[in-house]
Amino acid sequence: MAVSENRPGPHTGPLAGYALLRSLGKRVVRPGGAELTRAMLTALGDLSGLDVVEIAPGTGTTASAIVTQGPRSYTGVERDALTTSALKRVLDGRGTVRVADAAATGLGAGSADVVVGEALLTMQGDTGKDAILAEVHRVLRAGGRCAVHELALRPDDLADEVKQDIRRALARPLKVNARPLTVREWTVLLSRHGLTVERAETAPMALLEPRRVVADEGLPGAARLARNILSDPAARDRVREMRRVFRAHRESLAAVALIARRTASS
Ligand SMILES: C[S@@+](CC[C@H](N)C(=O)[O-])C[C@H]1O[C@@H](n2cnc3c(N)ncnc32)[C@H](O)[C@@H]1O
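All values derive from a computational prediction rather than experimental measurement.

Draft legend 1. Spotlight on the overall build of the protein. Across its full length, the protein carries nine helices and eight strands. Put simply, the protein has 266 residues, and 50% of those count as buried. For the protein, the proportion of contacts with a sequence separation of at least 24, taken over those separated by at least 6, is 75%. Total accessible area computed for the protein in this model is approximately 12000 Å², and 53% of it derives from carbon and sulfur atoms. In the protein, which carries 39 positive and 30 negative side-chain charges, the distance between the mean positions of the two groups comes to 4 Å.

Draft legend 2. Region of the structure containing the site of the ligand. Taken together, 18 residues sit near the ligand, with R30, A56, E78, A102 and E118 positioned nearest. One of the backbone N or O atoms of A56 is found 2.7 Å from a nitrogen atom in the ligand. Look at the ligand: alone it shows 600 Å² of surface, and the protein chains cover 98% of it. Given that more than half its atoms are within 2 Å of the pocket grid, the ligand belongs to the largest pocket. Partitioned by chemical class, the residues of the shell around the ligand number nine nonpolar, one polar and eight charged.

Draft legend 3. Structural detail: helix α8 (residues 210–230). In this model, α8 (21 residues) spans only 14 Å end to end at C-alpha, well below the 30 Å of a helix rising 1.5 Å per residue. R212, V213, D216, E217, G221, A222, L225 and I229 are the residues of α8 that are buried. Against the buried residues of α8 lie α1 (17–23), α2 (33–44), β7 (195–204) and α9 (233–248).

Draft legend 4. Seen up close, the packing of helix α5 (residues 126–139) against helix α7 (residues 183–192). Here α5 crosses α7 at 50°, and the two axes come no closer than 9 Å. On the basis of their axis angle, the class for α5 and α7 is oblique. Our pair here, α5 against α7, has a crossing hand that is right-handed. The residues of α7 that touch α5, namely those facing K129, D130 and L133, are W186, L189, L190 and R192.

Draft legend 5. Focus on the packing of helix α6 (residues 160–174) against α9. Packing of α6 against α9 brings their axes to within 9 Å, and their N-to-C directions diverge by 165°. Considering their axes alone, α6 and α9 lie roughly antiparallel with respect to each other. Taken as a pair, α6 and α9 cross one another with a handedness that is left-handed. In contact with A169, L170, P173 and L174 of α6, α9 contributes R238, E241, M242, V245 and F246. Grouping the constituent residues of the contact of α6 with α9 by class yields seven nonpolar, no polar and two charged.

Draft legend 6. Examining the layout of surface pockets more closely. Roughly 760 Å³ of internal volume is contained in the largest pocket. Forming the walls of the largest pocket are 41 residues, and the residues nearest its centre are Y18, E118, A119, L120 and M123. Of all the secondary structure elements, the ones that give two or more residues to the lining of the largest pocket are α1, α3 (61–67), β2 (73–78), β5 (140–153) and α9. Considering every element that reaches the lining of the largest pocket, the biggest residue donor is α1, with four residues. Among the residues forming the lining of the largest pocket, the class breakdown is 21 nonpolar, nine polar and eleven charged. For the lining of the second largest pocket, the secondary-structure elements that each account for two or more residues are α8 and α9.

Draft legend 7. Highlighting unusual backbone geometry. P155 follows R154 through a cis peptide bond whose omega is -5°. With respect to the secondary-structure elements, P155 resides in the loop between β5 and α6. Here A56, not a glycine, exhibits a phi torsion of approximately 55°, which is positive. With respect to the element layout, A56 can be found in the loop between β1 (51–55) and α3. By relative accessible area, A56 is classed as partly exposed at 22%. The phi dihedral of D92 is positive, around 50°, even though this residue is not glycine. Secondary-structure assignment places D92 in the loop between α4 (81–91) and β3 (96–99).

Draft legend 8. Structural context of the environment of A102. Inspection of the secondary structure puts A102 in the loop between β3 and β4 (112–118). Apart from the residues within four sequence positions on either side, A102 is in contact with I55, V77, L120, I132 and E135.

The rules behind the values
Counting of residues starts from 1 at the beginning of each chain's written sequence and follows it residue by residue. Restriction of local features to residues with pLDDT of at least 70 applies here, the model being predicted, together with a cutoff of 80 or more for giving and counting side-chain atom pairs; totals for whole chains, interfaces and linings are based on all residues. Only hydrogens and water are removed before side-chain values are computed, so all heavy atoms of the structure are retained for them. Put simply, DSSP marks the helices as runs of H or I at least four residues long and the strands as runs of E at least two long, and each gets a number from the N terminus on. Partly exposed describes any residue whose relative accessible area lies between the buried limit of under 20% and the exposed limit of over 50%, with all areas from a 1.4 Å probe on protein chains only and scaled to the type maximum. Contact definition: two residues touch when any of their heavy atoms are within 4.5 Å. Only the protein chains shown count as cover for residues, with accessible areas throughout obtained via the Shrake-Rupley method and a probe of 1.4 Å. Charge counting follows a simple rule: Lys and Arg are positive, Asp and Glu are negative, and His as well as the terminal groups are ignored. Every charge is mapped onto a representative atom, which is NZ of Lys, CZ of Arg, CG of Asp or CD of Glu. By convention in these notes, a residue is near a molecule or strand provided one of its non-hydrogen atoms lies within 4 Å of it. Side-chain atoms alone can form a polar contact between residues adjacent in sequence; in general such a contact is a pair of N or O atoms within 3.5 Å, and within protein one must be able to donate a hydrogen while the other accepts it. Both site types are read off a 1 Å grid over the protein atoms alone. A 1.4 Å probe that fits but cannot get out defines a cavity, while an open set with protein on both sides within 12 Å along at least five of seven lines defines a pocket; lining residues have an atom within 4 Å of a point. Throughout, a molecule is located in a cavity or pocket provided that more than half of its atoms lie within 2 Å of its grid points. Asp, Glu, Lys and Arg are counted as charged, while Ala, Val, Leu, Ile, Met, Phe, Trp, Tyr, Cys and Pro are counted as nonpolar; the rest, among them Gly, fall into the polar class. One less than the number of residues in a helix, times 1.5 Å, gives the span that helix is expected to have. Think of each axis as a best-fit line through the C-alpha atoms, taken over the contacting stretch in the case of a helix, with angles from 0 to 180 degrees between the N-to-C directions. For classification, angles of less than 35 degrees are called roughly parallel, those exceeding 145 degrees roughly antiparallel, those between 65 and 115 degrees roughly perpendicular, and all remaining angles oblique. Throughout, a crossing is termed right-handed when the near helix is turned clockwise from the far one, and left-handed when it is turned anticlockwise from it by less than a right angle. Grid points are joined across faces, edges and corners, and a volume is the space filled by probe spheres set on the points.

This is the structure:
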């Protein structure tokens, strides 16, 4: 039987960091938090009347902000079937959900005006990033835009050895192949896939800092999360280790939201 990485249970094993946080009650698991998502959606402008696809929507906090705007259609493409029940609840009939890989959505070519993806590409190696971005390009209409919110390394000329150290340090507690790029590298990667970056906004990477947690989850949500973490020693140790690594590398880590356009000729 396939076992979902999001299943509840002992928090010692291979549960990915984001799945662990979600199982403890954290809803927002992207590096720039709800505030950078808001800035990204604001920069995209009015989505009403547009066909919007979200890849890896998770439990649907961004989906909720999108469907509120009244797009012509909303489609969430999420690999984890367990997560999609929460997403469907959020959508409440205002969109459709596909259980599929973001690299093979099954959606028609040129069927979307906007593709949104948060905290997905960072977790992929080079081949995975390429496969997903090729699919984003295929699904977008000419002139359509993608908006991604990911983990970034800074500055752009950060030494390669430091990048390697940070990637290794992140992979241990996160239990995913975390491969953040510099803003310049993200921009070049998108452009290699025919997606021209028009806007980049950065924010501090403060996912597990108390102030950010309260901003993202609200006071009652943050209190519930803290209770859940404290009542599970294995989970507490892992969350502490994640925060320790984020803090140790805070000078070199950031969140970035990029908006890129599929040019008519690409
Ligand atoms: C870190 S969470 C981010 C969720 C959401 N975008 C957010 O920011 O809150 C990553 C999500 O990506 C989904 N995911 C991971 N790899 C995927 C893939 N190849 N295709 C579709 N979804 C994927 C996971 O199931 C999970 O829900």
